[in-house]
Amino acid sequence: MKILLVEDEPKVAAFLHQGLTEQHYSVDLAPDGLVGLRMALASNYDLLILDTLLPSLSGLDVCRQVRAQNTAVPILMLTALGETDDKIRGLDAGADDYLVKPFAFQELLARIRALARRRQETPATTAVLRLADLTLDPSRKLVQRAGQPIQLTAREFALLEYLLRNQGRVISRVDILEQVWETSFDTGSNVIDVYINFLRKKVDKDFTPKLIHTLVGMGYVMKEE
Ligand code: CA
């Protein structure tokens, strides 16, 4: 995965460059907005990480100009603490996500993984998903089990869709937080268990075989048992 990091603070840039390289990402570094923009448009990156406050051209302007070229590359903005307006303007300018400085390096890694996965999954979003007699139609937002329609809330639907797209694979709570709740902060609550129980009641309780399985200490897997 090829990342362009646009960051003018040498210490931060060096720290992130080293950390990401150690995680086997290939990282190019740009020290200001203009150089960053030129590099972003000249080469095929899988991700842009843009600091907001940059010399010569702001991160927001880089973001806007990259988007103006119809480039679908995921963009993660770095904003300073307290600059909530920047966060909103960043999303308006076409950024996919933002991270407030100072942040934990693990948090940055989680956001990068989430953006990479979201990108990979985009093309397959419309095909109907099936497991046993359960079907989920992403474009019509319809779920049926044994031919009976099942009513789900938006969050339950998103969770079921994610589990079905990954059927047969063990999905951890962290995966679910990142992909369905789009956060990697464990709130310390049992929100995921609660939602899994909601889904079980609607999708599994009155049917056989059971499709949603818990693996203690590991997470969940959807499969025919
Ligand atoms: Ca800066």
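For every chain, the first residue of the written sequence is number 1, and numbering continues from 1 onward in sequence order. For a predicted model such as this one, the threshold for reporting local features is a pLDDT of at least 70, and the threshold for listing and counting side-chain atom pairs is 80 or more; totals across whole chains, interfaces and linings nevertheless cover every residue. Side-chain metrics in this entry use all non-hydrogen atoms of the structure; hydrogen atoms and water are not considered.

Some remarks on the coordination of the calcium ion
- Every protein donor of the calcium ion is accounted for by Asp8 (OD), Asp51 (OD) and Leu53 (O), and the metal-donor separations fall at 2.1 to 2.3 Å.
- The sequence motif formed by the donor residues of the calcium ion is D-x42-D-x1-L. Of this pair, Asp8 sits in the loop between β1 (2–6) and α1 (10–22) while Asp51 sits in strand β3 (residues 47–51), and the two are 43 residues apart along the sequence.
- Take Asp8: its relative accessible area is 29%, and that puts it in the partly exposed class.
- On the basis of relative accessibility, which here comes to 5%, the residue Asp51 falls in the buried class. Because water is not among the atoms used, a metal site may look incomplete, as its donors are only the N, O and S atoms within 2.8 Å, or 3.2 Å for Na, K and Ca. Secondary structure elements are taken from DSSP: a helix is a run of H or I of four residues or more, a strand is a run of E of two residues or more, and numbering for both begins at the N terminus. To sort residues, take the accessible area from a 1.4 Å probe on protein chains only and compare it with the maximum for the residue type: under 20% means buried, over 50% means exposed, and anything in between is partly exposed.

Some words on the packing of aromatic side chains
- In this scheme Phe, Tyr and Trp rings, the latter by its six-membered ring, pair at centre separations within 6.5 Å, and the angle between planes marks the pair as stacked below 30 degrees, edge-to-face above 60, and tilted otherwise. Summed over the entire model, instances satisfying the criterion amount to two aromatic pairs.
- A ring pair is formed by Phe15 and Phe105, whose centres lie 5.8 Å apart and whose planes are at 70°; its orientation type is edge-to-face. Here Phe15, found in helix α1, pairs with Phe105, found in helix α5 (residues 105–121); they are 90 residues apart in sequence, far enough to count as distant.
- Residues Tyr195 and Phe198 carry aromatic rings whose centres are separated by 5.3 Å and whose planes lie at 75° to one another, so their mutual orientation is edge-to-face. Of this pair, Tyr195 and Phe198 both sit in helix α8 (residues 191–204), separated by three residues, roughly a single helical turn.
- Any Lys NZ or Arg CZ found within 6 Å of a ring centre and within 35 degrees of that ring's normal is scored as a charge over the ring. Here the guanidinium or amino end of Lys2 rests over the ring plane of Tyr45, the centre of that ring lying 5.0 Å away.

Focus on the sheet that holds strand β8 (residues 142–145)
- Read across the sheet, four strands follow the order β6-β7-β8-β9 without closing on themselves; strand pairing throughout is antiparallel. Of all the strands in the sheet, just β6 (129–131) and β9 (148–149) have a single pairing partner and so form its edges.
- What makes two strands pair is DSSP finding at least two bridges between them. Here β6 pairs with strand β7 (residues 134–137) via three bridges, running antiparallel. Note on β7: the bridge partner recorded for Leu129 is Leu136.
- Across the sheet, helix α6 (residues 154–165) lies against β6, β7 and β8, angled at about 115° from β7, the strand it touches most. Whether two residues are in contact is decided by their heavy atoms: any pair within 4.5 Å suffices. The convention used is that axes are lines fitted to C-alpha atoms, helices contributing only their stretch in contact, and that angles between N-to-C directions extend from 0 to 180 degrees.

Looking at helix α2 (residues 33–42)
- Those residues of α2 not exposed but buried are Gly33, Gly36, Leu37 and Ala40. Seen end-on, α2 carries its buried residues on one side only, within an arc spanning 100°. Exposed residues lying more than 90 degrees from the buried face of α2 are Arg38 and Ala42.
- Next to the buried residues of α2 lie β1, β2 (26–30), β3 and α3 (59–68).
- Identification of polar contacts relies on pairs of N or O atoms within 3.5 Å, with a donor-acceptor requirement for protein atoms, meaning one able to donate a hydrogen and the other able to accept it, and with residues adjacent in sequence counted only if both atoms are side-chain atoms. The N-cap of α2, judged by a side-chain oxygen 3.0 Å from the amide nitrogen of Leu34 a few residues on, is Asp32. Note: the arc covers the axis-to-C-beta directions of the helix.

What to know about the pattern of salt bridges
- Here a salt bridge means any side-chain nitrogen of Lys or Arg lying within 4 Å of a carboxyl oxygen belonging to Asp or Glu. Under the criterion given, the structure shown has 17 salt bridges.
- The residue Asp97 makes a salt bridge to Arg111 at a minimum N-O spacing of 3.1 Å. A residue pair is termed long-range when its members are at least 10 positions apart, and Asp97 in strand β5 (residues 97–101) and Arg111 in helix α5 qualify at 14 residues. When sorted by exposure, Asp97 lands in the same class as Arg111, which is buried.
- Asp133 is the salt-bridge partner of Arg145, the closest N and O atoms lying 2.6 Å from each other. Pair noted here: Arg145 is in strand β8 and Asp133 is in the loop between β6 and β7, with a separation of twelve residues, a long-range link.
- Take Asp133: its relative accessible area is 29%, and that puts it in the partly exposed class.
- Salt bridges sharing partners connect three or more residues here, namely Glu7, Glu9, Asp51 and Lys101.

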